[in-house]
Amino acid sequence: MKVIDKSDFDVFVDNLIANDDREVVGVQEKDSKFAFETLQSADDLRLDYDVTILPPKKYFMPQRETLIEYNLDEGETTPVNRVVPRIILGIHPYDLVAIEQMDKVFEDTHEDPHYLEKRRKSVLVGVNMENVSDKSFAKTMGTATTDSGYDIMLTDIGDMYTIEVGSSKGSALLDKAGSAIDDVGPEEIKKVKQFKEELSEKFRTDPKFDPFELPSLLKEYYGKDQFWEKNSEDCLSCGTCNLVCPTCYCFDVQDINDISLSEGERMRTWDGCMLEAFAEVAGDENFREEKAARYRHRYMRKGRYMYNRFGDIACVGCGRCSEQCLPDIADPVDIFNQMKEGTS
Amino acid sequence: MKESNLTKEENVENPGTSPYSTQKARIIGERQMTTDSKLFTLELQSGERLNHDPGQFVELSIPGVGEAPISVTSSPTRRLDSFELCVRAVGNVTNTLHEMNVGDSVGIRGPFGTGFPVEEFQGNDLLFIAGGLGIAPLRSLINYTLDRRDEYNDLNILYGCKRPCEQMFEDEVDHWARRQDIYHEATVDFCPDKVCWDGNIGVITELIPGVDIDLDNTYAIVCGPPVMYRFVLEELDEKELPHEQIYLSLERRMKCGIGKCGHCQINGAEEVLYACQDGPVFNYERVEGFEEAI
Amino acid sequence: MKPKVAFFDFAGCEGDQLQVANLEERLLDLLEIVEIVNFREVISQKSDDYDIAFVEGSIATDHDAERLEEIRGNADILVALGSCAAIGGINSIRNSQDPEKVEERVYGEDADKVEAWDKAKAADAIVDVDHYIYGCPIDKDEFIHVVESLVQGKEPNIPTYPVCVECKMNENVCVFARNGGDKSISSAKREVQVPGSQEVEQGPFCLGPVTRAGCDAKCINEGTTCWGCRGLVDNPNQNAHKKVLDKYGLTVEEVLNKYNLYFGWQQEERKDE
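Not measured: the values here are computed from a predicted model.

## Here's the deal with the pairing of strand β4 (residues 57–62) of chain B
Residue and element names in this part refer to chain B.
- Across the 6 residues that make up β4, a large majority, 6, are buried.
- Of the two faces of β4, the one carrying F57, E59 and S61 and the one carrying V58, L60 and I62 are both buried.
- Relative to strand β5 (residues 66–71), β4 is paired through 6 bridges, and the arrangement is antiparallel. Its bridge partner lying in β5, V58 is registered against I70.
- Here β4 folds back onto β5, and the loop between the two strands holds 3 residues, one of which, G64, carries a positive phi near 95°.

Written out as structure tokens, the structure reads:
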């Protein structure tokens, strides 16, 4: 473990912004919320944030992304993969865990270079959570801290950050800070330990379940139609819970033509299983026409299906869905608690 | 800010390994099958074979319009350097394809998915039950088994359409009907006056009792519109055909074909199936617990 | 042959045709794929020979209805251009009010001479409409997409989901969470400044959760809110949305007022169903 003075860290970041070939992005304030955005100055970086509106997945799987360019006059198609190599500053542990899960999805079966190239060319700078959002239950999901997924990991211990190096990419990045990096002393190690102990007291949600129970709870509740109907009654089918989720990756593909009809792009865009038309097939058949069926599908994905496929519970407890759902019906803690209480 | 992004953007060379890249295929034949369905013969520009299994599908790409998943209807035992797609005009991609002509090019990705277990079928009786356009994926398997006739026992083909004019592959259907080593029955839901039809009139389930099913070594292979499955499966239950001896080909909107986009998931209490990976051909016993399957 | 395109206007501000005129150089690109034979805002020529008719404005008089039927007869494809034609639009605010009072308020002593119907209607209340371009005004890119699709013989891809989708993709701070607003606090009613003016009103409100997307959440991107100009999605969960607005302190009357701004005609249609 290493340490860096906060003032040196700012100089380090400003140097990266000015000199590194890669784009430097980090968490910044946006109105009263936070978002990952291109960083103009280290002063704008808010490593004390609680949660961002969107997770950093947007850098590896952009909201809209070109897969193919085509020229209709000449009948030519050209595969494209536009990659902006980035240094991403301030990723919380739960989002790092989510990124590791997403990696598996895009590596499985056919590798997806559009995602994977962006991942490979990015440096992930994690930061341990100093503040915890009202809806977070990362502690319960075991994602409040993590030992992997980052290139380097920062912990704020007052005047300085401690730094854990997770990869050669991370140590190469750290080399750019030169002599500002010091070896860690026993005092600082103690402070990190204390930081993590205090963190576990900061969670304000009240989950009554263990994440390892989720696959079996969901299996048991799958057929309880009334449960899903009752809980989804106020669903707006707006897809917010999908779009803000760090482990949701479903997408749509559309061809967007330019007005002269001579060229265009095949784009992939974010999609969501909560949207009405998601499971439509040709001829107007819709395999998930009722909002209760779509609502159930989301929970099954998070707590059971992904577990079956990859061994991961695909909910990292970030709390974004519950924070951003307007009718307040997307809180996994509430749903899983109901299930747990209903069975015990 | 955008400009600085541009300078830092790099295009990755050779994303040709992208599973979304298409390969060019040329339309070398076109035949009207019914008022809204056409049979297209295609050949890959690379000169390579498609190398598909019966029951697999391709993503058909028309730049500027989009992609649509289509089952391959030709058998890999025939047409070594080309393949056939039987396409109903129901959406933007298929409508546009119908406007295209011999010589025009389209894009192809695939073949994708899990087809019929042709080896498991060997030495058994096969009962094909096709409704409407469902004949398209089954034809690939039917012709496959005909070309390897000695590997399979009795072949029974039941084919139902709404009306006589909707029957496809007429010449081949005639051929099946004439062959002594195939039991073949066709039905239409309705036959207008003055239309010549010597087959059955009624729903396809009416044909099932007429088939002599040896329960120990018969596989039923079913493909048709969603509404057909329930009735056919009920009738097969009457016959007490074990569910593990029934195979279905299910239609979903496979957008990516490679198990990522999420659109073709079929969910159940136990697990989720991807029609594009685990299917489109499924064993009935495997999917019957899946509420969304049928 | 390039399809012939004509534009017609009914009760409305012609703001949608203005959007088309404002395509500027892209309008020239558009002329590569279509021939414009009727477009009052741009050309003086007039013709009854056209393939695609874009009609703008609500239908509000017998004369309107006759003229629309005639257009329908001439056109292969009829497109409702903008909210007034597509969903009744802002003209249908008056639908829920006493017609006599409305006429008097607007026309004063001349109120007797007004021949308008009591209700402003969407074009599809009179004739079959093949395609809809929503918005007040329309989105230029969506207009291009529709034209391009029709020329290619494709079904245009118009979103069926609500504005929230695009708003989230743009990572906007939700209107209800602005200025530190917290949705977990009930009756979070507070004064918000009406964007672009000095006025203050009770809020926050946003119709994005029940309004059809396709605008890229423009208004919210710019710091204002969604007034619902693209009309309701096909299956809006109005009850849930009203509960949300109630939680933020809007009275029933205030909610109805917001809904009536653009949803007036659609609401009546939904009642009839």
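## Quick word on the interface of chain A and chain C
- Counting from both sides, the interface comprises 31 residues of chain A and, opposite them, 33 residues of chain C.
- Contributions of two or more residues to the side of chain A that touches chain C are made by β3 (33–38), α9 (240–243) and β12 (251–257) of chain A.
- Split by residue class, the side of chain A that touches chain C holds 15 nonpolar, 9 polar and 7 charged.

## A few points about the sheet that holds strand β11 (residues 181–183) of chain A
All names here are of chain A.
- The strand order across the open sheet formed by 8 strands is β3-β2-β7-β8-β9-β10-β1-β11, and the pairing between neighbours is mixed. Looking at the sheet topology across the chains shown, the edges are occupied by β3 and β11. Each neighbouring strand pair of the sheet contributes to a mean axis angle of 30°, computed without reference to strand direction.
- Inspection of the sheet shows strand β7 (residues 86–91) paired to strand β8 (residues 122–127) by 5 bridges, in the parallel sense. By the bridge assignment for β8, I87 is matched with V123.

## Some thoughts on the domain arrangement of chain A
Residues and elements named next belong to chain A.
- Along its sequence, chain A is carved into domain 1 (2–65 + 78–199) and domain 2 (211–250 + 273–343).
- The distance between the C-alpha centroids of domain 1 and domain 2 comes to 28 Å.
- Tallying the contact residues gives 24 residues for domain 1 and 19 residues for domain 2.
- Those elements giving two or more residues to the side of domain 1 that touches domain 2 turn out to be α2 (93–107) and α4 (138–141).
- Broken down by element, the residue count for the side of domain 1 that touches domain 2 peaks at 8 residues, all from α2.
- Residues of the side of domain 1 that touches domain 2, tallied by class, amount to 13 nonpolar, 6 polar and 5 charged.

## Re helix α3 (residues 62–74) of chain C
All names here are of chain C.
- Between its terminal C-alpha atoms α3 stretches 19 Å, which fits the 18 Å expected from 13 residues at 1.5 Å a residue.
- Looking only at α3, the buried set comprises D64, L68 and I71. Viewed along the axis of α3, the buried residues span an arc of 60°, placing them on a single side of the element. Across from the buried face of α3, at angles greater than 90 degrees, the exposed residues are D62, H63, E66, E69 and G73.

Parameters at a glance
Residues numbered from 1 in each chain as written. Chains lettered and ligands numbered in written order. Predicted model: local features only at pLDDT ≥ 70, side-chain atom pairs only at ≥ 80, totals over all residues. Buried ≥ 20, exposed ≤ 12 C-beta atoms within 10 Å, placed from the backbone. Helix = DSSP H or I, 4+ residues; strand = E, 2+ residues; numbered from the N terminus. Pairing = 2+ DSSP bridges. Contact = placed C-beta atoms within 7 Å. Nonpolar A, V, L, I, M, F, W, Y, C, P; charged D, E, K, R; others polar. Axes fitted to C-alpha atoms, helices over the stretch in contact; angles between N-to-C directions. Domains from an automatic or database assignment. Expected span 1.5 Å × (residues − 1). Arc of directions from axis to C-beta.

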